[in-house]
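Coordinate inspection notes
Listed below, chain by chain, are the residues.
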Amino acid sequence: MRSLTLLLGVTAALVLAGCEANTAPEAEETLSTGAAEDEVSAPELSAEQAQARAFRAAWDSAAPVTASDPRLNDEDDARWPEPIPGRFEFRSAELIQLSSDLYALVSSGHVQDGGRTTKGALAFHYLARTDDGFRRVGAAPLFIAGGGAGQPPTFTVRHDLTPATAIVVNTRTENGRGTCTVSQLIELTPSQPVLRATSIPTGFEATSGDGSWTGALETGQAGRDFDVQYSGASDAEATWVFTDAGTYRASGQPRLSGC
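Presented here is an overview of the structure given in this document. (Residues numbered from 1 in each chain as written. Predicted model: local features only at pLDDT ≥ 70, side-chain atom pairs only at ≥ 80, totals over all residues. Heavy atoms only, no water.)

**A few points about the layout of surface pockets**
Taken as a whole, the second largest pocket encloses approximately 280 Å³ of empty space. In terms of lining, the second largest pocket is formed by 19 residues, of which the most central are Arg79, Ala140, Leu142, Gln192 and Pro193. Those elements giving two or more residues to the lining of the second largest pocket turn out to be strand 6 (120-130), strand 7 (133-146) and strand 11 (193-206). The element that contributes the greatest number of residues to the lining of the second largest pocket is strand 7, accounting for 7 residues. Residues of the lining of the second largest pocket, tallied by class, amount to 12 nonpolar, 4 polar and 3 charged. (1 Å grid on protein atoms, 1.4 Å probe; cavity = no way out; pocket = protein on both sides within 12 Å on 5 of 7 lines; lining within 4 Å. Points joined across faces, edges and corners; volume = space filled by probe spheres on them. Helix = DSSP H or I, 4+ residues; strand = E, 2+ residues; numbered from the N terminus. Nonpolar A, V, L, I, M, F, W, Y, C, P; charged D, E, K, R; others polar.)

**A few points about the state of the cysteines**
Tallied over the entire structure, the rule returns 1 disulfide. For Cys180, the disulfide goes to Cys259, at an S-S distance of 2.0 Å. Across the S-S bond linking Cys180 and Cys259, the dihedral sits near -115°, which makes this disulfide left-handed. One end of the pair, Cys180, is in strand 10 (residues 178-188); the other, Cys259, is in the segment after strand 15 (248-251), and 79 residues separate them in sequence. (Disulfide = S-S within 2.5 Å.)

**Notes on the packing of aromatic side chains**
In this structure the tally under the stated criterion is 12 aromatic pairs. On the numbers, 5.7 Å between centres and 85° between planes, the contact of Tyr103 with Phe134 is edge-to-face. Of this pair, Tyr103 sits in strand 5 (residues 102-110) while Phe134 is found in strand 7, placing the two residues 31 residues apart along the sequence. Given a relative accessible area of 0%, Tyr103 falls into the buried group. (Phe/Tyr/Trp six-rings, centres within 6.5 Å; stacked < 30°, edge-to-face > 60°. Buried < 20%, exposed > 50% of the residue type's maximum accessible area, 1.4 Å probe, protein only.)

This is the structure in structure tokens:
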């Protein structure tokens, strides 16, 4: 198998819907909404060919693709998290290099004409590099619900929180006082994507302008813990500790106004 000398570092965006490039807000993470950040190139493949073949390898079809969580109808599948209901249109995806020939494809799923509280989804596939493109490997894709108004959640790619590359999924919801942001953490382990943490409070934008705060995920001891540093109206720190269940749980979560 030819090695892949691409993806401009560790990640490369996969554009399937004519989206424009985004800029990383910080050196250690890349903000993404499923749109393009960099072009994918590969030996003997144009950027367009690489984009199309990666998506087709994952979904057995070119974009857009409408799909549901394949675990919904599997009564014997007791894995956590539980499968999510609904049908989603996947229009674009981001390709993330995990090793010399292993990649994760994160596809963004929309719900057409979704209501204000209708969640979108992300789907995680693993792909292996081949001489002429990619092939799907591993189990059925992991579906994660998030976002609102039928739109998928945004996400960031992090390399400093867990032993393997991690995806931080961010969902914004409104209440009578403002907009809350809650995050989930998915670790892209060598064998499969694993949901490591849910319900991490990471932001509040007060409608009145007073009382807003943000929570930044910060490096801890890889595989043991990570921190969430709060600033603004709530100035505190929470440590999320790895448990025997294979997930992270908050230890001493501070009281946060608004959410």
